[in-house]
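Geometric and topological summary
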Amino acid sequence: MNIWEMLAVFAAGISAGTINTIVGSGTLITFPVLLATGLPPVTATVSNALGLIPGSISGAIGYREELTGQRRRVLRLSVAALIGGFTGAVLLLALPSTAFETIVPILVALALVLVILQPRISKAVQRRRDRDGTPAHTDGGPLLFVGLMLASVYGGYFTAAQGIIYLSLMGMLLDDTMQRLNAVKNVLAAIVNSIAALFFLFVADFDWTAVVLIAVGSAIGGQIGAKIGRRLSPTVLRVLIVAVGTVAIVQLLLR
């Protein structure tokens, strides 16, 4: 890379770390920049996954207050993230690069619909629980576990917009605030990136210049994103999720 390409990758890392912490889809910023520097798609994907780990950890630390009291939930859902992330990483090297191109925009679009309808769905579910006298699952039950595991398979494969899918699933199946769910999302994203990158270390080629630039940039962005994201109201956060998700769909369709 020349100096301008390095600056572009570093700036993309900051932007990705920021947007990942707030909502997700930071890969849609870093991945095209890495391709523009001449990296092959698989090398760009694995370098991006490793580079974004510090950003995910930084964002989770920034949301540590919102993680209070969620230890059991995080531990249970982390198992789903580990299984799914590892599976996705294996599929990246086993399947053709076009394998997910058709289904991903559909998944993101469905996730956005769930994000928009989440307040109504939550109220309807709560009314049903009150009527039937059934307690709510504090961890989302088997449905959330399986849903997040499948979302993590995609996350280990490519990661773009996985945060939006996480938030839509948790928002629908957990009775909690968007900010607390966002904190869990950041932890799960860090786990998926880490397990995928650990697998790639043994079987794939990295561009270590790109990894270092994205790692430093995303760590800075994670703190910026936490400061901004924690101040957003649930409505503003939901609008931002939909806006970013719409851009993600357009970019995925145009790839």
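We now turn to the structure provided with this report. (Residues numbered from 1 in each chain as written. Predicted model: local features only at pLDDT ≥ 70, side-chain atom pairs only at ≥ 80, totals over all residues. Heavy atoms only, no water.)

Let's talk about helix α8 (residues 162-173)
The end-to-end C-alpha separation of α8 is 17 Å, in line with the 16 Å expected for 12 residues at 1.5 Å each. Judged by how many residues are buried, α8 sits mostly within the fold: 11 of 12 residues are covered. Of all the residues in α8, the buried ones are Gln162, Gly163, Ile164, Ile165, Tyr166, Leu167, Ser168, Leu169, Met170, Gly171 and Leu173. (Helix = DSSP H or I, 4+ residues; strand = E, 2+ residues; numbered from the N terminus. Expected span 1.5 Å × (residues − 1). Buried < 20%, exposed > 50% of the residue type's maximum accessible area, 1.4 Å probe, protein only.)

Considering empty space enclosed by the protein
On inspection of all chains with the given rule, the structure shows three cavities of 30 Å³ or more. The computed volume of the largest cavity comes to approximately 150 Å³. Surrounding the largest cavity, 17 residues form its lining, Asn20, Ser56, Gln162, Ala189 and Asn193 being those nearest its centre. For the lining of the largest cavity, the elements supplying multiple residues, two or more each, are α1 (3-22), α4 (53-62), α8 and α9 (178-203). The leading source of residues in the lining of the largest cavity is α9, at four residues. (1 Å grid on protein atoms, 1.4 Å probe; cavity = no way out; pocket = protein on both sides within 12 Å on 5 of 7 lines; lining within 4 Å. Points joined across faces, edges and corners; volume = space filled by probe spheres on them.)

Notes on the packing of helix α3 (residues 41-51) against helix α10 (residues 208-229)
Pairs of packed helices are described in terms of their axes, by the angle between the two and the distance that separates them. Packing of α3 against α10 leaves a shortest axis separation of 8 Å and a crossing angle of 35°. Of the two possible hands of crossing, α3 and α10 adopt the one that is right-handed. Packed against α3, whose contacting residues are Ser47, Asn48, Leu50 and Gly51, the element α10 presents Trp208, Val211, Ile214, Ala215 and Ser218 at the interface. Taken together, the residues of the contact of α3 with α10 sort by class into five nonpolar, four polar and no charged. (Axes fitted to C-alpha atoms, helices over the stretch in contact; angles between N-to-C directions. Left-handed = near helix turned anticlockwise from the far one by under 90°. Contact = heavy atoms within 4.5 Å. Nonpolar A, V, L, I, M, F, W, Y, C, P; charged D, E, K, R; others polar.)

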